[in-house]
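# Breakdown of the fold
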Amino acid sequence: MDHEQFRQAGKEMIDYVADYLQNIRERRVLPTVQPGYLRALIPDQAPEEGESWREVMDDVERVIMPGVTHWHSPQFHAYFPTGNSYPAICADILSDAIGCIGFTWIASPACTELEVAMLDWLGRALALPEPFLASSGLGGGGVIQGTASEATLVALLSARSRRVRQLRQQHPDWTETAVTGQLVAYCSDQAHSSAERAGLLAGVRMRQLPTDSKFSLRGDTLAKAIQNDTARGLIPFFMLATLGTTPSCAFDALPELGAVCERQQVWLHVDAAYAGSAFLCPEFRHLLDGVELAHSFNFNPHKWMLINFDCSAMWVKRANDLVDAFNVDPLYLKHDKQGLVPDYRHWQIPLGRRFRSLKLWFVLRLYGLAGVRAHIRRHVQLAQLFEQRVRADPRFQIVTPVTLGLVCFRLQATNETNEALLKAINAAGRIHMVPSMLRDTYILRFAVCAASTEERDIELAWAEVERQAGRLLPPP
Ligand SMILES: Cc1ncc(COP(=O)(O)O)c(C=O)c1O
C-alpha cells in the first residue's frame, strides 16, 4: 500500500468505523457463533501473493463481525465498561504512525515527556497528594501500564524487592530465598483475580481476608491477620486495597487500612481499576480518601474515561522503589540524559511501550475535564434509572448500594432461578450481562458500559429482564 492508496483506504476505514459505531444498535450484542467458527471461513494458509484492499474489507463483515461481541453496543451491560471515543481512536492512529518504542527518553523524548505531563494532569484532576506527582519533585510520578493487573504485579514486585533489601541489610546472613519464603501479602476476598495471580507470579503468599457485610475490608481484620502472621514468624509486606470491586463495586475501608499499613510498614497499593474515573467528580472524590497513606495507586482510564484499551494509569510516591526492583542496564539502552527524566523501561515489566499518552492528551483536551465528568455522571444517572425499575418490581431486590454505574440485583428466588434468568437473557441476545457470586448468593450485574447508552437503552434492558423474568415467575 503506497501513500495514495493509504489515503483512500484510510478514509474508507474511517467511514466503516463511523458507520459501525453509529449503527451498532442494529447488531446482536452477543454473537451466536460456535467455537472454531472462524477457521472454516478463511484459507488454511496465508496467501502467497498480496490480495486487494477490497477483498480484505469485504471479509470484515463475512469473517470478523459474526464473531464480535459488541462491547460498545448500548445493549452491552457485562463486566465493566471499556473506553471508546473518536478522539482516542484518532490519537491511536497517530501513535501507530509514529510507531515508536518509547522505552527510554532518547528513544522518543515526546513519548516519555507527554506521559509524565499527562499523568500529572490526571493526578491533579484527581486531587492526588503532591508526592504522587512528578512535578512536585518529591521522587514520585505516574506511568501508563497496559492493565491494572500489570500495575498490581509491578507494585507487588517493587514492594517485595524493597522489603527483601531492607531485611538483608539488617540481617546480612539471611538469603533472598529465605526472606521471600516468609513474605505475606493481603487483599480482600472480593479483590480481582489479578491479585491472586500477582501473588503466584511473585512467588509470595497472598491472603484473601474476609470482608464485612458491605463486602468492604476493614482495618481491624487486616490488623488481626498481620498480628497472627507475625506471631508465626511470617513477614507482612504488601496490602492491595480495592476501590470498586469487580463483583459488586464495593469499597475497602482505605483510611483504616492505610493506618494499619503505616504502623506495620506494609506497602499499600490501591486498585481502583473501574471506579477511579469517577473520582474526577468532586461528589465521588471522598471515595478516594485515604490514598495519601498509599504507596501506589492505579486506575484504568481505558475503562470509564473514554480512552480505548490499553491505558492503565499508575502513580507511585517513590519511583526509585520501581527502578531499584526492575533496573538492568545494558550498554545499548544507555543514553547521556539518564537520570534527568524517567526511563520508563525501569517502571514496567516489558521493555517496549507504545505512545499511549497521546490518547489521554487528545481526550482531555477535546472533552475537557467537564466533558469527562459529564460522561461519568450520565452513566451514574442511567444506573440509578435501572435501579428504580428494579426497586419498583417486588419480585426483585437490589443486593448492594448503587454507588456508581453498576447495579447488582436478583430475583427474590433461589440461585438456580436467578441463573436460569440470566441464561435466558443472554440466550435471547437482546442485551448482555454477566453474573457474580456474593458469598453464596448468585446475583446479576447490570453495568452501564457503552459511551452512547441512553435512557431508551436502559428501558429496553429492563423490559427484557422483565420479559424473561415473567417466564420464570408470575408478574407482580
Ligand atoms: C477491580 C479490578 N481490578 C483489576 C481488574 C483487571 O483489569 P485489567 O484488565 O486492566 O488488568 C479489573 C477488571 O475489571 C477490576 O475490576
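Residues numbered from 1 in each chain as written. Predicted model: local features only at pLDDT ≥ 70, side-chain atom pairs only at ≥ 80, totals over all residues. Heavy atoms only, no water.

## What to know about unusual backbone geometry
- With omega at 5 degrees, the peptide bond leading from phenylalanine 309 into aspartate 310 counts as cis.
- Here aspartate 310 is to be found in the loop between helix H10 (301-304) and strand E7 (312-316).
- Positive phi, normally seen in glycine, also occurs at tyrosine 79, with a value near 50 degrees.
- The backbone phi angle of glutamine 265 is positive, close to 55 degrees, even though this residue is not glycine.
- Among the secondary structure elements, glutamine 265 is positioned in the loop between helix H9 (254-264) and strand E5 (267-271).
- Judged by its relative accessible area of 59%, glutamine 265 falls in the exposed class. (Helix = DSSP H or I, 4+ residues; strand = E, 2+ residues; numbered from the N terminus. Buried < 20%, exposed > 50% of the residue type's maximum accessible area, 1.4 Å probe, protein only.)

## Some thoughts on helix H4 (residues 109-125)
- Here H4 is 17 residues long and its end C-alpha atoms lie 24 Å apart, about the 24 Å a rise of 1.5 Å per residue gives.
- Inspection of H4 places Cys111, Thr112, Leu114, Glu115, Val116, Met118, Leu119, Asp120, Leu122, Gly123 and Ala125 among the buried residues, and these make up the whole buried set.
- Each element contacted by the buried residues of H4 is listed here: strand E1 (141-145), strand E6 (296-299), H10, E7 and helix H12 (357-391).
- Two residues or fewer after H4 comes alanine 127, characterised by a positive phi angle close to 55 degrees. (Expected span 1.5 Å × (residues − 1). Contact = heavy atoms within 4.5 Å.)

## Regarding the sheet that holds strand E9 (residues 406-411)
- If you trace the four strands from one edge of the open sheet to the other, you get E8-E9-E11-E10, paired in antiparallel fashion. Two strands bound the open sheet, and with one partner strand each, they are strand E8 (396-398) and strand E10 (434-438). With strand direction ignored, the average angle separating the axes of adjacent strands in the sheet is 40 degrees.
- In this structure, E9 lies alongside strand E11 (residues 441-447), joined through four bridges in antiparallel fashion. Bridging from a neighbouring strand, valine 407 pairs with phenylalanine 446 of E11. (Pairing = 2+ DSSP bridges. Axes fitted to C-alpha atoms, helices over the stretch in contact; angles between N-to-C directions.)

## Side note on the side chain of glutamate 387
- Along the polypeptide, glutamate 387 turns up in helix H12.
- Once you skip the residues sitting within four places of it in the chain, glutamate 387 turns out to touch Ile398, Val402 and Val407.

## Examining the site of the ligand
- Lining the immediate surroundings of the ligand are 14 residues, of which Ala148, Ser149, Thr246, Asp271 and Asn300 lie closest.
- The contact in question runs from an oxygen atom of the ligand to an N or O atom on the side chain of threonine 246, over 2.9 Å.
- One nitrogen or oxygen atom from the side chain of lysine 303 is found 3.3 Å from an oxygen atom belonging to the ligand.
- Against a free-state accessible area of 400 Å², the protein chains account for coverage of 87% of the ligand.
- Looking at side-chain class alone, the shell around the ligand contains three nonpolar, nine polar and two charged residues. (Near = heavy atom within 4 Å. Polar contact = N/O pair within 3.5 Å; in protein donor to acceptor, adjacent residues only side chain to side chain. Areas by Shrake-Rupley, 256 points an atom, 1.4 Å probe, with all protein chains shown as cover. Nonpolar A, V, L, I, M, F, W, Y, C, P; charged D, E, K, R; others polar.)

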